[in-house]
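Here are the chains, one letter per residue:
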Amino acid sequence: DEIKIREEEVERVADCKQTLKRVRYADDALTQAMHDARTSGSTITLSRLPKMRGDCTEARIDEREARAKLALVRRNASVAAKRRKTIVVELPPEVKYRAAACGEARCAAALAKEKLLLWFRARGGETHVRKMAAKAVRASASSIDNKQQQVWSRQRGSDLARLNEQDDAELKAFDAEMDDCATRLRDAEEALKRVREELECEITKTEDDERARDQKPVAALDATDEEKAEDCREDEFCAVEELMLDKRFVPEPFLPQLAMERAAEAKRKARQAEEELAQQLGAVHVRKQGIEIYEKALDDDTGPPKAEHELEEHEKSPPPRPRPLLVLVARDIPSVAKRKIVDRLCNELEGEFVRVCSDLPQGIDPEAFQAPLSVGKSVLADVDSGVAHDCRHMFIDALAFCKAALFPTPRVILVLGDARNRRGACAPSPSGHYGVSIQDLDKMHDRNLKCDLQDAAEHLARLTENEALENLASWSTQERPPSLGHALAMEAAIILLTRSRKFRGPDRTVTAVAWLAARRLLARPVELVAKLRDFDAATIPPQTLFVLKEYIAHENWPITEIIVHEGASLITDPEAPDEDTYVSNDTGGPTVEHALGPLINWIKAVVSAGDYLAKNGGAAPTISRQEPPDLVSSVVTVSDGHTELEEESEAAGRGYKAASAQLLDAALEDCRGYRCAAKLASTRIPHDDGTIAPDCIYNVNVAHDCGRIFFSAYDPSTSTRLVTSIHERDVDRLLAPNSIEHREHTAKLPPRSLKEMYARLVKLLVVKRGANQALANRPVAKSKLSLLAKPPRSKKLQKVTPPQLLCRRRLRRLMRETRRISGYLCTLTVYEEARGELRVHAYLPERSASLETAVGMDLLHDVATGNADPK
């Protein structure tokens, strides 16, 4: 048999080698044919490729069958070798102990019986001694049977034939000793029998297992597909249950920051336990225990980590940021918007940035920037990007030199302020969300120019008010100007709007032709203000600038303190001294001028800005992603929102919220891990006009950095972008199935890859549309008149909220009932948001109010145990 098995093994090895050669030959032939087909393009070669691929497949199948037959032969050889060996079983210690105890009990019983026989023999035999016993015969389990006891009981000795007291006592002692020996022997034999049966059962089971392992399971029936599927479902159910109890439903490699937090928490608890143990047992014992733990950790080390290409999909972590960031925040950004943008960026990308504020020109300090980059951090710096041509060129040159000197080369993102941002009503201190801070203005090279541009934007915003527009329209109805100051102001405005022509200085009298042209413009005040808004101070010719200075220096030019014209005077409104409003003391009574003050102040600010630009090289060159090349990766412009709603809305396209969303999207471009087009659910709150916004298809980008997962949803139809983020601690709560799904066996398994995790999170995104507003749901119209035409808002629409992008679970309703709580009738609805987390929604019909609260696991435990706070 051994020879036969060995010959069969040699034959199978030869078959394996032959099939392996066939596989290699077929692969080489197929590779060569494919190469020839690509190079020559022969149709004959292309027609042979399918047959050659089939030959390769057949060769691989034959090679697998040969290897399976070889493995079977080797297995049969090992089974035969095991059968030829002698099985030696070592007796367990308990069996040895029980056997020794049984032998000792038997020896003790034999010695006691021999001693009793000698004692009987010395006194005439056992029968004679028993007859002479003074009392009834005592039973002895070892030497006297029941029949003999009955005989001796009937033949009890007489009073003359009795044993003396000493012999009677010795007989009693011998009988007691025999009883003890018999009891010990019986217990020892029963114990030995029990352990012997256990050993026989164990040996039999081992032999059966060995025999079943050696022999082929020919008669065994394979499990059906239904049974296999049921076993798989049960195993998955148990595995998911264990993960949910441990709160680690999502694999740890997918959430590296959370894994680090858990490791730090475990180290902290271990250190705390070590300190407590040190207080109890002493520092020496704890030190020794720490050394043993360290040695055990070294023994358990599995070796170096795997390479990236060797990891499975469930073992891969999000890739780290490939290059650092250099975020440059210009000083011409409104102070409130700047603070909120920086705070949001630092909060979202926690621990990523180091703030740098340098006193060098333009704020560019290569040494200060290199220090954070050397330790793997990014830089957030305050810079002076320049508003005029000369300062802007100095900034570009300094930035290009700094970027070339930094290592590693960062990705530069520039945040600029809009030249049309306002200064606020209470300059120089900012009011609301308007105006650059005084500290930033003092450090700007073009401080005066920025102040002039802010003043011009502020005065132009006053002209867009309804009172100012009505005031301009009233001027157009008058055949003569209300004053010489009105005529000079309108002539200066006409000169600014017609820069292509040359003008001369102002005359002492107002010409009818000039006022007629002014009336044509004033007849359409909205279009006039729109033209003023589009005016660029950098385009004023030098000759026009000189003429405008003469207008402003004219003796009849309106001034803030007093305006004199033909017997009437315009003075500042005493009720609002800070406002650009004038009161006319004409014959018919005082009339309020809402447009003259803003108009003349806007002209003076524009002329001042044009004069500064003319002396400093003109307008600043535009910085974009393409120009200058390879300098800036992204440019974000911060524009003032016209309302508080626009400031707080990411979809408005203006304000700090929209700018911060663009900045986050640019900062996370290198960390994008998933991208798709998804139809996101909407809360379907109607617009102001009553229409309901449908669900839209968004381009969703998912980025993973700094322990947070960011979602950016872009709507191409409206050019709106919404950004939100969640922490890694919330991912497990969002993806883990709730109790209902788990009980019904409809829960999904943990994600097997990063893309699957991101895809599941994208399905949970919801667009919460703003209530009672249309501007936040739609982008700002491109029309120039849209900013001026302000339709009156309905009095019913009081609360206005911007749209938001949220990542939340679908709620499962558990119950709904109506009850009275604290005297209010309300409808309570309880939802299960996640495993162990409830959300209670209460609606009060009497007040049309809705209340909502979340109930976590800790509060549920306190309520169940009676330890909850009554409040």
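Anyway, here's the lowdown on the structure attached to this text. (Residues numbered from 1 in each chain as written. Predicted model: local features only at pLDDT ≥ 70, side-chain atom pairs only at ≥ 80, totals over all residues. Heavy atoms only, no water.)

### A closer look at the side chain of Thr 829
With respect to the element layout, Thr 829 can be found in strand β18 (residues 824-834). Thr 829 gets classed as buried once you look at its relative accessible area, which sits at 3%. Looking at Thr 829, its side chain comes within polar contact range of the side chain of Arg 816, at 3.0 Å. Leave out the neighbours within four places in its chain, and Thr 829 touches Arg 813, Met 815, Arg 816, Arg 839, Val 840 and His 841. (Helix = DSSP H or I, 4+ residues; strand = E, 2+ residues; numbered from the N terminus. Buried < 20%, exposed > 50% of the residue type's maximum accessible area, 1.4 Å probe, protein only. Polar contact = N/O pair within 3.5 Å; in protein donor to acceptor, adjacent residues only side chain to side chain. Contact = heavy atoms within 4.5 Å.)

### Looking at the pattern of salt bridges
The final tally for this structure, using the stated rule, is 39 salt bridges. Close ionic contact of Lys 338 with Asp 382 constitutes a salt bridge, the shortest N to O distance being 3.7 Å. With a gap of 44 residues between them, Lys 338 in helix α10 (residues 335-348) and Asp 382 in strand β3 (residues 378-383) connect regions that are remote in the sequence. For the pair Lys 338 and Asp 382, one class covers both residues: buried. Taking the shortest distance from any N to any O, the salt bridge between Arg 760 and Glu 756 comes out at 2.9 Å. One end of the pair is Arg 760 and the other is Glu 756, both in helix α25 (residues 754-762) and 4 residues apart, which spans about a single turn. Its relative accessible area of 12% is what places Arg 760 among the buried residues. Salt bridges sharing common partners tie together Arg 331, Lys 338, Arg 355, Asp 382 and Asp 440. (Salt bridge = Lys/Arg side-chain N within 4 Å of Asp/Glu carboxyl O.)

### Examining the packing of helix α16 (residues 484-497) against helix α19 (residues 542-552)
Relative to each other, α16 and α19 sit at 170°, their axes nearing to 10 Å. One finds that α16 runs roughly antiparallel with respect to α19. Where α16 approaches α19, its residues Leu 488, Glu 491, Ala 492, Ile 495 and Leu 496 are matched on the opposing element by Thr 544, Val 547, Leu 548 and Tyr 551. Considering only residue class, the contact of α16 with α19 consists of 7 nonpolar, 1 polar and 1 charged. (Axes fitted to C-alpha atoms, helices over the stretch in contact; angles between N-to-C directions. Parallel < 35°, antiparallel > 145°, perpendicular 65-115°, else oblique. Nonpolar A, V, L, I, M, F, W, Y, C, P; charged D, E, K, R; others polar.)

### Section: the nonpolar core
One finds Leu 463, Trp 475, Trp 602 and Ile 603 to be the most contacted residues of the largest nonpolar core, which totals 50 residues. Looking at this core, the elements with two or more residues in it are α14 (447-463), α15 (466-475), α16, α17 (512-522), α18 (525-533), α19 and α20 (596-615). Sequence-distant contacts of Trp 602, that is, excluding residues within four places in its chain, are made with Ala 456, His 459, Leu 460, Leu 496, Leu 532 and Phe 535. With 32 residues, the next largest nonpolar core counts Tyr 698, Ile 709, Leu 761 and Leu 765 among its residues. (Core = buried A, V, L, I, M, F, W, Y, C linked by side-chain atoms within 4.5 Å.)

### Comments concerning the sheet that holds strand β9 (residues 634-638)
Spatial strand order, β2-β3-β1-β4-β9: 5 strands in an open sheet with parallel pairing. If you trace the sheet from one side to the other, it starts and ends with β2 (353-356) and β9, each paired once. The mean inter-strand angle of the sheet, taken between neighbouring strand axes irrespective of direction, is 20°. Relative to β3, strand β1 (residues 325-330) runs parallel, the two sharing 5 bridges. Residue pairing for β3: Leu 326 is matched across the bridge by Val 379. Strands β1, β2 and β3 of the sheet are contacted by helix α11 (residues 366-374), whose axis makes an angle of about 160° with β3. (Pairing = 2+ DSSP bridges.)

### Comments concerning the pairing of strand β17 (residues 812-821)
In summary, the side chains of a regular strand alternate between the two faces of the sheet. Bridge count between β17 and β18: 9 bridges; the pairing is antiparallel. By the bridge assignment, Thr 818 is partnered in β18 with Thr 827. The antiparallel hairpin formed by β17 and β18 contains 2 residues in its connecting segment, where Ser 822 sits at a positive phi of about 55°.

### As for unusual backbone geometry
Cis peptide bonds are those with omega within 30 degrees of zero, and the linkage from Phe 407 to Pro 408 qualifies with -5°. Glu 627 connects to Pro 628 through a cis peptide bond whose omega is -10°. When you line up the elements, Pro 628 lands in the loop between α20 and β9. The phi dihedral of Cys 706 falls on the positive side, at around 55°, and the residue is not glycine. Considering the arrangement of structural elements, one finds Cys 706 in the loop between β12 (697-705) and β13 (708-715). In this structure, Ser 822 takes a positive phi of about 55° despite not being glycine. Note that Ser 822 resides in the loop between β17 and β18. Given a relative accessible area of 68%, Ser 822 falls into the exposed group.

### Quick word on the environment of Thr 477
Considering the arrangement of structural elements, one finds Thr 477 in the loop between α15 and α16. Taking the C-alpha atoms as reference points, Thr 477 and Ala 523, separated by 46 residues in sequence, lie 7.9 Å from one another. Within the structure, the side chain of Thr 477 is placed 2.5 Å from the backbone oxygen of Ser 474, a separation counted as a polar contact.

### Focus: the sheet that holds strand β19 (residues 837-844)
Pairing within the open sheet is antiparallel, and its 4 strands lie in the order β17-β18-β19-β20. The sheet is open, and its two borders are formed by β17 and β20 (849-855), each paired with just one other strand. With strand direction ignored, the average angle separating the axes of adjacent strands in the sheet is 20°. As paired elements, β18 and β19 share 7 bridges and run antiparallel to each other. Each bridged residue has a counterpart across the sheet, and for Glu 832 the counterpart in β19 is Leu 838.

### Section: the environment of Arg 186
Structurally, Arg 186 is set in helix α6 (residues 165-214). Since its relative accessible area comes to 44%, Arg 186 is described here as partly exposed. Taking the C-alpha atoms as reference points, Arg 186 and Cys 102, separated by 84 residues in sequence, lie 8.6 Å from one another.

### Some remarks on the packing of aromatic side chains
In total, this model carries 3 aromatic pairs according to the counting rule given. Where Trp 119 meets Phe 174, the ring centres are 5.6 Å apart and the plane angle is 50°; that geometry is what we call tilted. Of this pair, Trp 119 sits in helix α3 (residues 93-122) while Phe 174 is found in helix α6, placing the two residues 55 residues apart along the sequence. Its relative accessible area of 9% is what places Trp 119 among the buried residues. Here Phe 535 and Trp 602 contribute two aromatic rings whose centre-to-centre distance is 6.0 Å and whose plane-to-plane angle is 70°, an arrangement assigned as edge-to-face. With Phe 535 in the loop between α18 and α19 and Trp 602 in helix α20, this residue pair connects regions lying 67 residues apart in the sequence. Since its relative accessible area comes to 11%, Phe 535 is described here as buried. A residue is classified by how much of its surface remains accessible, and Trp 602, at 2% relative accessible area, is buried. Over the ring of Tyr 434 we find Arg 422, and its NZ or CZ is 4.2 Å from the ring centre. (Phe/Tyr/Trp six-rings, centres within 6.5 Å; stacked < 30°, edge-to-face > 60°. Lys NZ or Arg CZ within 6 Å of the ring centre and 35° of its normal.)

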